[in-house]
Amino acid sequence: MSTAVTSKKTKRTKITPNNAATNGQVQSLSRGLNLLESISESPGGIALTDLAQQAGLPNSTTHRLLTTLQQHGFVRQIGDLGLWVIGSHTFIVGSSFLQSRNLLALIHPILRRLMDDSGETVNLAILDHSEYEAVIVDQVQCNALMRMSAPIGGKLPMHASGAGKAFLSTLSDNQRVQLLHKKGLHAYTQHTKTTPTGLKENLEQARKQGYSFDDEEHALGLRCIAACIYDEHHQAFAAISISGPVSRITDDRVTELGALVIRAAKEISKEYGGVR
């Protein structure tokens, strides 16, 4: 694809018993939901006393709440120790969310807001596992005369694009070596990372920063900053990027735009039901 310059698992924040009422919430419901989240974070099951301690509640109160959740199928007990685990009805309720989510409808307003905040073109790319390429599936172009131009459906090289390098930065060394062995390290410009060592160092920097940076590596005069979006399995399945000419994405703006794209990627991951 030719890209040219032409004329946006950490644990959830929980509601504590003390502030539930002041936030206009039903205290018992808030407590029950907090217990449900604690159980979901303990795949092997968790004892009642441990749940009570985490929630800051008496054992008797915790047991009454768990019994209510159990009666509705949201939790159940297993084994001789009576550990509490997630029940089948939780899956049924969660599945309705999976069936209703529409990636583009969910993300497009966030892309538009990121374009407004950055003043640059914003792209959404997904990872094509069969071809080992990043594919642009949505875009909000900025209003500037000089802006990035790339078609929907256009493919981006993994080693020489913001989105591609964002995906690569989440892979293990073995996965990355296998992928790059199949695709190679083609030089698109004199700035393209064409050695495994140089690319590895660049990806390590991307992991530390939380965003990748394409510095005229795919097209001369074009810079791109990207961060990954994660699904409920903690897998990077999409990336959001900000692209624009070097004249506007100057060195002193890279960190600022990186923060914007990280924030947008985290918001999308949260809304999509992925890791927060």
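Because the structure is a prediction, the values reported are computed rather than measured. (Residues numbered from 1 in each chain as written. Predicted model: local features only at pLDDT ≥ 70, side-chain atom pairs only at ≥ 80, totals over all residues. Heavy atoms only, no water.)

Overview of unusual backbone geometry
Definition in use: Here a helix means four or more residues in a row that DSSP labels H or I, a strand means two or more in a row labelled E, and each is numbered from the N terminus. Here's how the labels work: a residue is buried when its accessible area is under 20% of the maximum for its type, exposed when over 50%, partly exposed in between, all with a 1.4 Å probe on protein chains only.
One non-glycine residue, E216, adopts positive backbone phi at about 60°. By the element assignment, E216 lies in the loop between β8 (212-215) and β9 (222-230). Its relative accessible area of 17% is what places E216 among the buried residues. Non-glycine residue H234 carries a positive phi angle of around 65°. As for its position among the elements, H234 is in the loop between β9 and β10 (236-245). Taking relative accessible area as the criterion, H234 reaches 38% and is therefore assigned partly exposed.

Here's the deal with empty space enclosed by the protein
Where empty space is left becomes clear once a probe the size of a water molecule has been rolled over the atoms. What counts, and what does not: Site definitions follow a grid-based scheme: protein atoms alone, a 1 Å grid, a 1.4 Å probe that fits but cannot get out for cavities, and for pockets an open set with protein on both sides within 12 Å along at least five of seven lines, plus lining residues having an atom within 4 Å of a point. Grid points are joined across faces, edges and corners, and a volume is the space filled by probe spheres set on the points. Each residue is assigned to one of three groups, with Ala, Val, Leu, Ile, Met, Phe, Trp, Tyr, Cys and Pro labelled nonpolar, Asp, Glu, Lys and Arg labelled charged, and all others, Gly among them, labelled polar.
In this model, the largest cavity occupies a volume close to 90 Å³. The wall of the largest cavity is formed by 14 residues, among which M148, L156, S161, C224 and S243 lie closest to the centre. Of all the elements in the fold, those that place two or more residues in the lining of the largest cavity are α7 (162-168), β9 and β10. Here the lining of the largest cavity is composed, by residue class, of six nonpolar, seven polar and one charged.

What about the nonpolar core?
Note the cut-off: Definition of nonpolar core: a set of buried residues of the types Ala, Val, Leu, Ile, Met, Phe, Trp, Tyr and Cys, connected through side-chain atoms within 4.5 Å. Contact between two residues is taken to exist if any of their heavy atoms lie within 4.5 Å; hydrogens are not considered.
With 29 residues, the main nonpolar core has L114, I225, I229, I240 and V261 as its most contacted residues. Ranked by residues supplied to this core, first place goes to helix α10 (residues 251-272) with nine residues. Setting aside its immediate chain neighbours within four residues, I229 contacts I107, L124, Q235, A236, F237, A238, A239, I240, A265, I268 and S269. Core analysis: the next-biggest nonpolar cluster, separate from the first, contains 22 residues, I136, A166, L168 and A236 among them.

Considerations on the pairing of β9
Put simply, the rule reads: Between any two strands, pairing holds if DSSP finds at least two bridges.
The buried fraction of β9 is high, at eight of nine residues. In this structure, β8 lies alongside β9, joined through four bridges in antiparallel fashion. If you follow D215 over to β9, its bridge partner there is R223. Between β8 and β9, which follow one another and run antiparallel, lie six residues, and E216 among them has a positive phi close to 60°. Where β9 lies against β10, nine bridges are found, and the strand directions are antiparallel. Note on β10: the bridge partner recorded for C224 is S243. Between β9 and β10, which pair antiparallel one after the other, the connecting turn spans five residues, and H234 there sits at a positive phi close to 65°.

Some remarks on the side chain of D231
Stated precisely, the cut-off is as follows: Each polar contact in these results corresponds to two N or O atoms within 3.5 Å; when the atoms are within protein, one needs to be able to donate a hydrogen and the other to accept it, and residues that are neighboring in sequence are counted only if both atoms are side-chain atoms.
Mapped onto the elements of the fold, D231 is located in the loop between β9 and β10. Classification of D231 as buried rests on a relative accessible area of 13%. From its side chain, D231 meets the backbone nitrogen of H233 in a polar contact 2.8 Å long.

Overview of helix α6 (residues 103-118)
For the record, the criterion: One less than the residue count of a helix, multiplied by 1.5 Å, gives the span that helix is expected to have.
Along its 16 residues, α6 runs 22 Å from first to last C-alpha, staying within 8% of the 22 Å computed at 1.5 Å per residue. Those residues of α6 that sit buried are L103, I107, I110, L111, L114, M115 and S118. Of the surrounding elements, those touching the buried residues of α6 are β4 (121-128), β5 (133-140), β9, β10 and α10.

A short note on the packing of helix α2 (residues 27-40) against helix α4 (residues 59-71)
Here is the rule: The axes used here are C-alpha line fits, helices contributing only the stretch in contact, and every angle between their N-to-C directions lies in the interval 0 to 180 degrees. Roughly parallel means an angle under 35 degrees; roughly antiparallel, over 145; roughly perpendicular, 65 to 115; everything else is oblique.
It is at 10 Å that the axes of α2 and α4 come closest, and there the two elements cross at 80°. Looking at the two axes, α2 sits roughly perpendicular to α4. Of the residues in α4, those touching α2 at S28, R31, G32, L35 and I39 are T61, T62, L65, L66 and L69. Split into classes, the residues belonging to the contact of α2 with α4 amount to five nonpolar, four polar and one charged.

On their own, these measurements won't tell you what the molecule is for.
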